[in-house]
Amino acid sequence: MNRDLTEGKAEPVLWKFCLPLFGSVIFQQLYNIADSLVAGRFIGENALAAVGNSYEVTLIFIAFSFGCNIGCSVVVSQLFGARDYGRMKTAVSTACIFSAVLCAVLMLAGIPGCGPLLRLIHTPEELLADSRLYLAIYVWGLPFVLFYNIATGIFSALGDSRTPFCFLAASSVSNIAVDILFVKAFHMGVAGVAWATFLCQGVSCALAVITVWKRLKRIEVKEKPSLMDLGILKKIVIIAVPSIFQQSFISVGNIMIQSVINGFGASVMAGYSAAVKLNNMVITSFTTIGNGISNYSAQNLGARKYERIGQGFRAGLKMVWCLCLPFCVLYIFLGKYLLLLFLEQGSVDALLAGRQFLWILSPFYFIVSAKLVADGILRGTSAMGQFMTATFTDLILRVVLAHVLSGYTGSALGIWCAWPVGWTVAMVISVVFYRRKVRALGKQ
């Protein structure tokens, strides 16, 4: 069901819209958690390390799908808020054509490039074959990843966060079952984990695309919309490309950090792989709520209801801080037991590395969540320059400090300490830019 985010009190409107988004991201993370859990418990520690090592590379491809999602979603939201339904449909078809071309380029580059990239990040020889196999299968499924994200971006732009949640919930639960079937019953190893993800993502993509096409078909317009519009493409690119660069550079930064972690051996790699999955569940939850706030801001920007944008920031801050407390308590006091879902009891070094990572990062969730809410406003109002400045500051600090502090301490503990510093500085920058943007809109 389409929902107008320009009417009603900001806080209840955002809660109703963002809660299904939060549920969706939990199930989205189940894809990666299921892969790591099945690999670690049913194949071995090296398989867990290989899947985790490959995951950092897949984030580059996910960055492109995220950028397409945001670019399409923000522009469609603005046109939906302005009630310009003809151009809104043109924006959807334009985004699909752009994504199809981008997908072809990524596959042509990714299929031969994954092996050299794995060697570039110093992947241990015993993990190289499994990492390369996992990535090769993942690249063949890129069309599913891109077009599923386009479909969910359109749903969000129309104010519907429940439909993609239902698709993703069913697909994620199925992925767990197929993971276990392929690995335990068919003895397919790491390949079974990758093929299970490929299959389930394909089904969810097909369902989402068909449903969004039917939804758009029911929206009546006076004239048949054009298939492609260069002006709209430019607007999508202005939002999408900075988002792609942002996520890509974050992924490249994570790969650089992963290369430092790889120097401490397979046990630390496995511990980090398990802990970062738990951390990513939290960060992705905040990011997804920030994306919801982007849709909210974009619709209100299109409707010229600027005062509601500041109300959305305050409501969003309450939402993410309500999530921070339970996650922080859970990871500090029960992190060991969560990590043991991925690791065998005997993996003492891996368990210690994972626990240290969670202990250091989780108290700073209150900081990074405030940054991601402010980022949502900046994206929704097309303030992409300010958004990228804050993001790159965080990234550069984390990469540089990971190298410096790990060398100074002689352990992975120095790497973990880089995260809070980057988050804190970037949060201050994002909030300052948000306040300037709101003041500028207030003058209008």
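Preceding this paragraph is the structure being described.
Fair warning: this is a prediction, and the values are worked out from it, not measured in the lab.

A. Geometry of the overall build of the chain. Counting its secondary structure elements, the chain contains 15 helices and zero strands. Relative to its length of 444 residues, the chain is compact, with a C-alpha radius of gyration of 21 Å against a globular reference of 22 Å. Considered along the principal axes of its C-alpha atoms, the chain spans approximately 65 × 45 × 35 Å. Within the chain, counting contacts between residues at least 6 apart in sequence, those at least 24 apart form 85% of the total. Put simply, the chain shows about 17,400 Å² of open surface, and 68% of that area lies on carbon and sulfur atoms.

B. A nonpolar patch on the surface, seen in detail. A cluster of nonpolar residues, Ile 97, Val 101, Val 105, Leu 227, Met 228 and Leu 230, forms a patch on the protein surface that exposes about 570 Å² of accessible area. In terms of residue count, helix α3 (residues 85-120) provides more of the nonpolar patch than any other element does, three residues in total. One can find Val 105 in helix α3.

C. Just empty space enclosed by the protein, in detail. According to the stated counting rule, one finds three cavities of 30 Å³ or more in the structure shown. Space inside the second largest cavity adds up to approximately 60 Å³. Forming the boundary of the second largest cavity are Tyr 134, Ile 137, Tyr 138, Gly 141, Ala 194, Thr 197, Phe 198 and Gln 201. Those elements that provide at least two residues to the lining of the second largest cavity are α4 (125-140) and α7 (190-217). Looking at the lining of the second largest cavity, the element that brings in the most residues is α7, giving four residues.

D. Up close: the side chain of Arg 379. Here Arg 379 is to be found in helix α12 (residues 365-380). Asp 375 provides the closest opposite charge to the buried, unpaired Arg 379, separated from it by 5.4 Å. When near neighbours in sequence (up to four residues on either side) are disregarded, Arg 379 contacts Phe 66, Ile 70, Val 74, Ile 239, Ser 243, Thr 287, Gly 290, Asn 291, Ser 294, Met 384 and Phe 387.

E. Up close: the layout of surface pockets. Estimated volume of the largest pocket: approximately 380 Å³. Considering the residues around the largest pocket, the lining is formed by 18 residues, among which Lys 89, Val 92, Ser 93, Trp 213 and Leu 216 are closest to the centre. When contributions to the lining of the largest pocket are tallied by element, the ones reaching two or more residues are α3, α5 (142-157) and α7. Class assignment for the residues of the lining of the largest pocket results in twelve nonpolar, three polar and three charged. In this model, the second largest pocket occupies a volume close to 170 Å³. In this structure, the second largest pocket is lined by Val 57, Ile 60, Phe 61, Phe 64, Leu 106, Ala 109, Gly 110, Gly 113, Cys 114 and Leu 117. Mapped by element, the contributors of at least two residues to the lining of the second largest pocket are α2 (45-81) and α3. Ranked by residues supplied to the lining of the second largest pocket, first place goes to α3 with six residues. Here the lining of the second largest pocket is built from residues that sort into eight nonpolar, two polar and no charged.

F. How the structure looks around the environment of Gly 8. Structurally, Gly 8 is set in the segment before α1 (10-43). Under the relative-accessibility criterion, Gly 8 is labelled partly exposed at 45%. In this structure the C-alpha to C-alpha distance between Gly 8 and Arg 308, which are 300 residues apart in sequence, comes to 9.8 Å. Not counting residues within four places of it along the chain, the set of residues in contact with Gly 8 comprises Val 13 and Arg 308.

G. The arrangement of the packing of α4 against α7 in detail. Running from N to C, α4 and α7 cross one another at 15°; their axes reach a closest spacing of 9 Å. Between α4 and α7, the crossing angle belongs to the class labelled roughly parallel. Crossing handedness for the pair α4 and α7: right-handed. Two secondary-structure elements touch here, α4 through Asp 130, Leu 133, Tyr 134, Ile 137 and Trp 140 and α7 through Val 190, Ala 191, Val 193, Ala 194, Trp 195 and Phe 198.

H. Focus on the pattern of salt bridges. This structure, assessed with the given rule, holds six salt bridges. Close ionic contact of Arg 215 with Asp 160 constitutes a salt bridge, the shortest N to O distance being 2.8 Å. Highlighted residues: Arg 215 in helix α7 and Asp 160 in the loop between α5 and α6 (162-185), separated in sequence by 55 residues. One exposure class covers both Arg 215 and Asp 160, and it is buried.

I. Spatial organisation of the packing of aromatic side chains. Enumeration according to the criterion identifies 15 aromatic pairs in this entry. Aromatic pair Phe 286 and Tyr 365: ring centres 6.3 Å apart, planes at 75°, arrangement edge-to-face. Here Phe 286 is found in helix α9 (residues 266-302), whereas its partner Tyr 365 is found in helix α12, with 79 residues between them in sequence. Accessibility assignment for this pair places Phe 286 and Tyr 365 in one class, buried. Taken together, a centroid distance of 6.3 Å and an interplanar angle of 75° make the contact between Tyr 331 and Tyr 365 edge-to-face. Highlighted residues: Tyr 331 in helix α10 (residues 307-339) and Tyr 365 in helix α12, separated in sequence by 34 residues. This pair shows no difference in class: Tyr 331 is buried, exactly as Tyr 365 is. Feature note: the residues Phe 286, Phe 327, Tyr 331, Tyr 365 and Trp 423 constitute an aromatic cluster, connected by ring pairs.

How each quantity is defined
- Residues numbered from 1 in each chain as written.
- Predicted model: local features only at pLDDT ≥ 70, side-chain atom pairs only at ≥ 80, totals over all residues.
- Heavy atoms only, no water.
- Helix = DSSP H or I, 4+ residues; strand = E, 2+ residues; numbered from the N terminus.
- Rg over C-alpha atoms; globule rule 2.2 N^0.38 Å.
- Contact = heavy atoms within 4.5 Å.
- Areas by Shrake-Rupley, 256 points an atom, 1.4 Å probe, with all protein chains shown as cover.
- Patch = residues over 30% accessible without salt bridge, like charges linked within 9 Å, V, L, I, M, F, W, Y side chains within 5 Å.
- Salt bridge = Lys/Arg side-chain N within 4 Å of Asp/Glu carboxyl O.
- 1 Å grid on protein atoms, 1.4 Å probe; cavity = no way out; pocket = protein on both sides within 12 Å on 5 of 7 lines; lining within 4 Å.
- Points joined across faces, edges and corners; volume = space filled by probe spheres on them.
- Buried < 20%, exposed > 50% of the residue type's maximum accessible area, 1.4 Å probe, protein only.
- Lys, Arg positive; Asp, Glu negative; His and termini not counted.
- Nonpolar A, V, L, I, M, F, W, Y, C, P; charged D, E, K, R; others polar.
- Axes fitted to C-alpha atoms, helices over the stretch in contact; angles between N-to-C directions.
- Parallel < 35°, antiparallel > 145°, perpendicular 65-115°, else oblique.
- Left-handed = near helix turned anticlockwise from the far one by under 90°.
- Phe/Tyr/Trp six-rings, centres within 6.5 Å; stacked < 30°, edge-to-face > 60°.

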